[in-house]
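Architecture and fold: a report
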Amino acid sequence: MGTIKTHYRTCNLCEAMCGLEIKHKNNTIISIKGDKKDELSNGHICPKATALKDVYTDKNRLKTPIKRTNNGWKSITWNEAYDEIETELKRIQTKYGKNAIGSYRGNPTVHNTGLMLFGTPFLQSLGSNQKYTATSVDQLPHHFASLHMFGHYLMFPIPDIDRTDFMLIMGGNPAVSNGSIMTAPDFSNRLKAIKKRGGKVVVVDPRFTETSKIATSHFYIKPATDALLLLSLIHVIFEENLESLGHLSNHTTGLETLKKQAKNYAPKKTAKYIGFTSEEIKQLALDFATSKTAVCYGRMGLSTQEFGGLCQWLVTILNCITGNLDVEGGALFTKPIIDIVGMSKITGKTGSFNKYQSRVHKLPEFTGEFPVSTLADEILTPGKDQIKAMITIAGNPVLSTPNGKKLEKAFESLEFMVAIDIYLNETTKHANIILPTTTGLETALYDLVFHQFAIRNTAKYSEALFEKFEEQRHDWEILKELTKRFTGKENLLNLEQTLDYMLQFSSYTTPKISVNELKKHPHGIDYGALKPQLPERLFTADKKIALAHPLFIEDLKRLNLKLDKLTTEKNPKYPFSLIGRRHLRSNNSWMHNSVRLTKGKERCTLLINDKDASQLNLKDGQIVKVTSNVGEVQIPIEITNLIMAGVVSIPHGWGHHREGIKLKIAQQHAGVSLNDLTNEKNMDTLTGNADFSGTKVQISSS
Ligand SMILES: Nc1nc2c(c(=O)[nH]1)N[C@H]1C(S)=C(S)[C@@H](COP(=O)(O)OP(=O)(O)OC[C@H]3O[C@@H](n4cnc5c(=O)[nH]c(N)nc54)[C@H](O)[C@@H]3O)O[C@H]1N2
Ligand SMILES: Nc1nc2c(c(=O)[nH]1)N[C@H]1C(S)=C(S)[C@@H](COP(=O)(O)OP(=O)(O)OC[C@H]3O[C@@H](n4cnc5c(=O)[nH]c(N)nc54)[C@H](O)[C@@H]3O)O[C@H]1N2
Ligand code: SF4
Ligand SMILES: [Mo]
C-alpha cells in the first residue's frame, strides 16, 4: 500500500519544455497530464509526454552494459566495461594517434543536463578533433548566421510570437514539431492568438502542413529556392524604400553592399524558379514590411537545403531591415538564468569557423566539429588520422544522417566502438560495448539549452521522479568515470553541484537562485517576456551587426550559378524532389517502441500529389519503388492534393527492419529509412550542413 503522489517536471522530449503533472504510486505511473500551473506551458502537452511512461517501462531498454561476442551479446559489469573501453581506446590512441577516435553526439544530448555538462569534458579528455553531432543535419546554418552577424554562434533571435502582428513561417511545421529554436509550448494556440488579435500567419512550404491549416495563408514553394524568395522580398523592400533599421540604424555595417546585391533578385526574374508569381512575392514583401510588427521564422526546411546558410542569414536580414530585430513583436534575444551567451564575456567561447579542416574533404570545422556528412569517409578512407574507433552518445546516425547505408559499412569496419544509449538499435548494434543509461523520468533536468531559446525568460529544475536501479547509471556518471580514466583526475562535483556552480553567475538575484531555491518552485519561475538587448549584447569586434559578411556575399555567386543551371537543367532520370516530414506521435528515430505512439494507420508512407500519381498510374496504398542516386526503398503511397506537384515526402527516423536490433514494437512498424535515399555529398558547402531538400528521386511501381 502507498499513497498517490504528485510529481512536477519538465518534459525532455522536444524543445517545448512542457510542464508535466505526474501521479504515481509505488513506482507505478498512474497518469501524466499537463501541469496547468507551469509558468511557461500552462497545462499544454502533446501525446508524446504520456509515452514517457513507456520509455520508463520498456522491456527492451538495456539494463546492464553489454558486450558483443562471437556468441551474441553478453552482459558484463560496469567495471569490466570501463576497463575494456579504457584499454581499447588507449591502445588505438597509441597506435594511430588521438584523432583516430571519432565521436557523434545526437539530439537527446541537448535535452539531458548530464550529457550537456559532462559530455564536453569527456571529449576534451580524448583530445581528438574528429567530433560530430546532429547539429550538421539540423541547425548549423542558424549558428553560422549568428556567429557571422552577431559574433556569437548561440545568439539566436527568437520570434516574439505572443506580441507579433505577422508571422512568416518558412520551412517549419510547429503544429507538429511543437517549435524548434524557439521554445513556445502550445505553439498552435499561440499562432491562433495572432489571428484573433487581427494579425496574420503565413506559411511557405512545399507541403500544405498541419501549421498551414491554422495559418491565414499558405504558399507552395519549390524545394530549396527559399534563398531566392528571401532575396526577392528584400529586393522589394529596398526598391519601395520600406527599409527601416529602427534603433539599430547606427549599429550595423554593410547596408549598402546588401542593397546592391539585392538589386539582382527582382521578383520578375526569380518567381518562376520559386513557384510564386512576381505579384505574390511583391505583395508578401509589402504585407510584411508594412505590418506594425512582423517576424520571419525559418527552420529545418530552410537549414537542411543547398543554401541553408544563406537562408538563415536572409531571414535575419529580413527582420532587421524592416525594423523587427530586437524589438517587441519582432525577434528578440533571450537572457536566461544560466546565461551561456552572457558567460562568454568571461570564457571567450563565442564559436569558431574554419580554424582547421577535415582530413579527407577539407571541410571547415565549426565550433570544434565537422559536418557529419563526411563521417563515413573519415572512417573509410585510409591514411594518417583515419578514424579507427567511434563513440556514439545518444545518437542514431545510421538512421538520421545522409546515406545511412554507407555509414553502416563504415561502422562495420571500425576496430572498436562504444555506444552510450538506452537501446540496442540501428547504430548501437555496431558497438563492441553499449553502456545503458537512465533517461527521462529517471533523471534530474535543468534545461540548459532550451531556456536559451524560449519566448520568455524562465527557470525550472526537475528532480528525478524515480530512483535509478542499483545497476543503472546516469549519463553523467558514465561520462565522469570515463573522463577520470583519460585525465587521471576525478571531478568531485555531481550534477546538482555543477548546476549550483553555474547558477552563482546568474544576473537574476531575486530570489537568489540555487538548485535548492528552484526546488521550491516546481512549476518554474517566470522572469517575464524578452526585452531588447542590442547593441550591448553583440559580440562582434566593432559592436555592430554585420549585414553583409563577405562569406555570405561570396556565397551569392554560388546561388547565381545555380540559377543559370536551373534555367537549363532538366532531370528526367530523377524527376521528383524528396522532402521529409514529422509526426506528432514520433520523435526522430527512437520513440517507435511505444505501442501508444505507433498504433493506428501506417505512418511511414510516401506522400505524392494526385496529378503525379495519376500520371504514373499509381493507386493509393500501392507499394512503389523510390530510387535516388545512392539507394532504393519500397514504400506504400498516400495520394494527396496537399503536396506540390513534383515533390514527394517520406518521414525520417524509420527503417527498423535492420537485422540485429532489439526494439520489438518498432520492428513491427519498421518502415523505411529516408536516409537510405539521401546523399551525403549533397551539402550546403558554405556551412557544411546536410542538404536533404536537394534529394532527387524516381518513383516507379515495384
Ligand atoms: N532526412 C532527414 N534526416 C534527418 C532529419 C530530417 O528532417 N530529415 N532531421 C534531423 C534532425 S533535426 C535531428 S536532431 C537528427 C536526430 O539524429 P540523432 O540524434 O542521431 O537521432 P535520434 O533519433 O534523436 O536518436 C537518439 C538516440 O539517443 C538515444 N537516447 C534517447 N534518450 C537518451 C538518453 O537520455 N541518454 C542516452 N545516452 N541516449 C538516449 C536513443 O535511444 C537514440 O539511439 O536527425 C536528423 N536527420
Ligand atoms: N513530433 C515531433 N516533434 C519534433 C521532432 C519529431 O521528430 N517529432 N523532432 C524535433 C527536432 S530534432 C527538430 S530539429 C524539430 C524540427 O522542427 P520543424 O523545423 O518545425 O520540423 P519539420 O516538421 O521538419 O519542418 C520542416 C518543414 O520544412 C518543409 N520543407 C522541406 N523542404 C523545404 C524547402 O526547401 N523550403 C521550405 N520552405 N520548406 C521546406 C517541410 O515540408 C516541413 O514542413 O522538431 C522537433 N520536434
Ligand atoms: S510538446 Fe514536446 S515538451 Fe511538450 S509534451 Fe510534447 S514532447 Fe513533451
Ligand atoms: Mo533536430
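So, here is what we can say about the structure in this document. All values derive from a computational prediction rather than experimental measurement.

Running from N to C, helix α4 (residues 113-126) and helix α20 (residues 495-503) point in directions that differ by 80°, and their axes come no closer than 11 Å. As the angle between them shows, α4 and α20 are arranged roughly perpendicular. Contacts from T113, G114, L117 and F118 in α4 reach L495, T498, L499 and M502 in α20. Here the residues of the contact of α4 with α20 sort into five nonpolar, three polar and no charged.

A few words now on the pairing of strand β2 (residues 19-25). Pairing of strand β1 (residues 5-10) with β2, which is carried by six bridges, proceeds in the antiparallel orientation. Residue pairing across strands places Y8 opposite E21, the latter belonging to β2. Judged from the six bridges that link them, β2 and strand β3 (residues 28-34) form a sheet pairing that is antiparallel. Residue E21 lies in a different strand from β3, and its bridge partner there is K33. What sits between the antiparallel neighbours β2 and β3 is a turn of two residues, in which N26 has the positive phi angle 45°.

The next subject is the sheet that holds strand β6 (residues 101-105). In space, the seven strands of this open sheet follow the order β5-β4-β19-β18-β17-β6-β7, with mixed pairing throughout. The open sheet terminates on both sides in strands that have one partner only, identified here as β5 (72-75) and β7 (131-133). The mean inter-strand angle of the sheet, taken between neighbouring strand axes irrespective of direction, is 20°. Here α4 sits on the sheet in contact with β6, β7 and β17 (389-393), set at roughly 165° to β6. Sheet strands touched by helix α19 (residues 475-487): β17, β18 (416-420) and β19 (433-435). Its angle to β18, the strand with the most contacts, is close to 145°.

A word on the packing of aromatic side chains. Within this structure, the stated rule accounts for 20 aromatic pairs. Note on F144 and F353: the rings are 4.9 Å apart at their centroids and 85° apart in plane angle, and the pair reads as edge-to-face. A residue pair is termed long-range when its members are at least 10 positions apart, and F144 in helix α5 (residues 140-150) and F353 in strand β15 (residues 353-357) qualify at 209 residues. On the basis of relative accessible area, F144 is assigned to the buried category, the value being 0%. Consider the rings of F144 and F552, whose centres lie 5.7 Å apart with planes at 80°: the pair is edge-to-face. With F144 in helix α5 and F552 in helix α22 (residues 550-568), this pair connects stretches of sequence that are 408 residues apart. F552 shares its class with F144; the two are buried. Through a chain of ring-to-ring contacts, three or more aromatic side chains come together here, namely F144, Y153, W313, F353, F366 and F552.

Cut-offs applied
Residues numbered from 1 in each chain as written. Chains lettered and ligands numbered in written order. Predicted model: local features only at pLDDT ≥ 70, side-chain atom pairs only at ≥ 80, totals over all residues. Heavy atoms only, no water. Axes fitted to C-alpha atoms, helices over the stretch in contact; angles between N-to-C directions. Helix = DSSP H or I, 4+ residues; strand = E, 2+ residues; numbered from the N terminus. Parallel < 35°, antiparallel > 145°, perpendicular 65-115°, else oblique. Contact = heavy atoms within 4.5 Å. Nonpolar A, V, L, I, M, F, W, Y, C, P; charged D, E, K, R; others polar. Pairing = 2+ DSSP bridges. Phe/Tyr/Trp six-rings, centres within 6.5 Å; stacked < 30°, edge-to-face > 60°. Buried < 20%, exposed > 50% of the residue type's maximum accessible area, 1.4 Å probe, protein only.

Function-wise, these values are silent; they only describe arrangement.
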